[in-house]
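Fold and geometry: a report
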Amino acid sequence: MLKPALYSLIILALLWLALWLVAQRAERAAEAAAPARGDIITVNGSPMHVVVTGAPDGPDLVLIHGSNGHTRDMSFSLAAKLAPTYRIFMVDRPGLGYSAAIDPKGDSLRAQAAQFSAAATAMGAKKPIVVGHSYGGSVALAWATYEPESLSALVLLAAASHPWDTPLDPLYRAGSNPLLGPVFLPLLPAVITEPYLEAALTNVFAPDPVPAGYFDYFGPKLSLRYTSMRATSLQRANLLNEINAMVPLYPQVNLPVEILHGTQDITVGLQIHAEPLLQDLPNAVLTRVEGHGHMVQHSAEDQVVAAIGRAATRSGLRAAAEAAIVSENQ
């Protein structure tokens, strides 16, 4: 006779295996529904997914997506509005989308910024304007802080930039745990439903509506895969310490910086992040997007496009691009 404890352990193991098999099918379905749309290149020994689009002779522009995201967030509609003017590089952050994680203990902001810089350079970008949203804004800040000579200007959209006092989300706390994470994260695609994901997206966009067609285009289940959730959990667990280390270095960032932040953003608060950052960066301009929430790259697209245009003008890239076009036409 099996002891009750051993019997229960066997039942739990079988249940875990059954859910894992369902989750594996869900991961394959998510990849089929939202496949890679660009090139997979090797950067510092790691695969990186890079999408290049836009005007071949325009100023170079790198778009960095936020937490739990991938390139489809930026390519939903924003990239198309920018494409007539800029040569656009969109890269899945390490561990997200179709890019591989670099460090099994979590990819730091600095390491991610270095990967982005190297990936953009490998695809032909030269001193681009760098645009980052939310966590991607933190990566963009790290790029400007640690490699300022490799970019021309910075545009930050609802970026996390300063310390906060709220605790780490329980999901990321457990997901970053070396024992708990590998046990329960692989099962998430089997147990999280589409209505739950739709509700989560609605909360992130609030008070702005989710754009029509965004859910299906973005493919949120792609971010539920084990590799993505593990990477996100580790990155978010390490973020606060990395932000604390960067804050004293901000005054050294001598680049044109445009900051956009929704006044109703409850995910990354305006007063906690953007307003202190305005004081810390010597060449920063802050646009408060009245009445908008966290996802300004969708809800305030025209203002984002305008901010990128100002960054291009302030850095001299727009004038250089216009001069090149005139020269070619003569």
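Residues numbered from 1 in each chain as written. Predicted model: local features only at pLDDT ≥ 70, side-chain atom pairs only at ≥ 80, totals over all residues. Heavy atoms only, no water.

Description of the overall build of the protein
Assigned secondary structure in the protein consists of 15 helices and 8 strands. Expected size for 330 residues packed as a compact globule is a radius of gyration near 20 Å; at 21 Å, the protein falls within 12% of this value. If one aligns the C-alpha atoms of the protein with their principal axes, the spans along those axes are about 90 × 40 × 40 Å. Every one of the 330 residues in the protein was classed for burial, and the buried ones make up 49%. Residue pairs in contact within the protein that sit at least 24 positions apart in sequence constitute 78% of those at least 6 positions apart. Surface accessibility of the protein: about 14,700 Å² in total, with carbon and sulfur atoms responsible for 59%. Within the protein, one finds 21 positive and 27 negative side-chain charges whose respective centroids are separated by 6 Å. (Helix = DSSP H or I, 4+ residues; strand = E, 2+ residues; numbered from the N terminus. Rg over C-alpha atoms; globule rule 2.2 N^0.38 Å. Buried < 20%, exposed > 50% of the residue type's maximum accessible area, 1.4 Å probe, protein only. Contact = heavy atoms within 4.5 Å. Areas by Shrake-Rupley, 256 points an atom, 1.4 Å probe, with all protein chains shown as cover. Lys, Arg positive; Asp, Glu negative; His and termini not counted. Charge placed at Lys NZ, Arg CZ, Asp CG, Glu CD.)

Focus on the nonpolar core
Most often, soluble globular proteins keep nonpolar side chains buried together rather than apart. Grouped together as the largest cluster of nonpolar side chains are 40 residues, with contacts concentrated most on W143, L154 and L156. When residues of this core are assigned to their parent elements, the largest contribution, 7 residues, is made by helix α5 (residues 135–146). Sequence-distant contacts of L154, defined by excluding residues within four places in its chain, comprise V130, A140, L141, A144, P256, V257 and E258. Residues L63, A83, I129 and A312 belong to the second largest nonpolar core, which totals 26 residues. (Core = buried A, V, L, I, M, F, W, Y, C linked by side-chain atoms within 4.5 Å.)

Some thoughts on the sheet that holds strand β5 (residues 129–133)
Spatially, the 8 strands line up as an open sheet ordered β1-β2-β4-β3-β5-β6-β7-β8, and their pairing is mixed. The sheet terminates laterally at β1 (39–43) and β8 (284–289), the two strands that pair on one side only. Ignoring which end each strand starts from, the neighbouring axes of this sheet average 25 degrees apart. Of the pairings in the sheet, the one linking strand β6 (residues 153–157) to strand β7 (residues 257–262) comprises 4 bridges and is parallel in character. Its bridge partner being in β7, L154 is matched across the sheet by V257. Sitting on the sheet, helix α4 (residues 109–122) is in contact with β1, β2 (46–54), β3 (60–64) and β4 (87–91), with an inclination near 120 degrees to β1. The strands touched by helix α14 (residues 301–315) are β3, β5, β6, β7 and β8; relative to β7, the strand with the most contacts, the crossing angle is about 165 degrees. (Pairing = 2+ DSSP bridges. Axes fitted to C-alpha atoms, helices over the stretch in contact; angles between N-to-C directions.)

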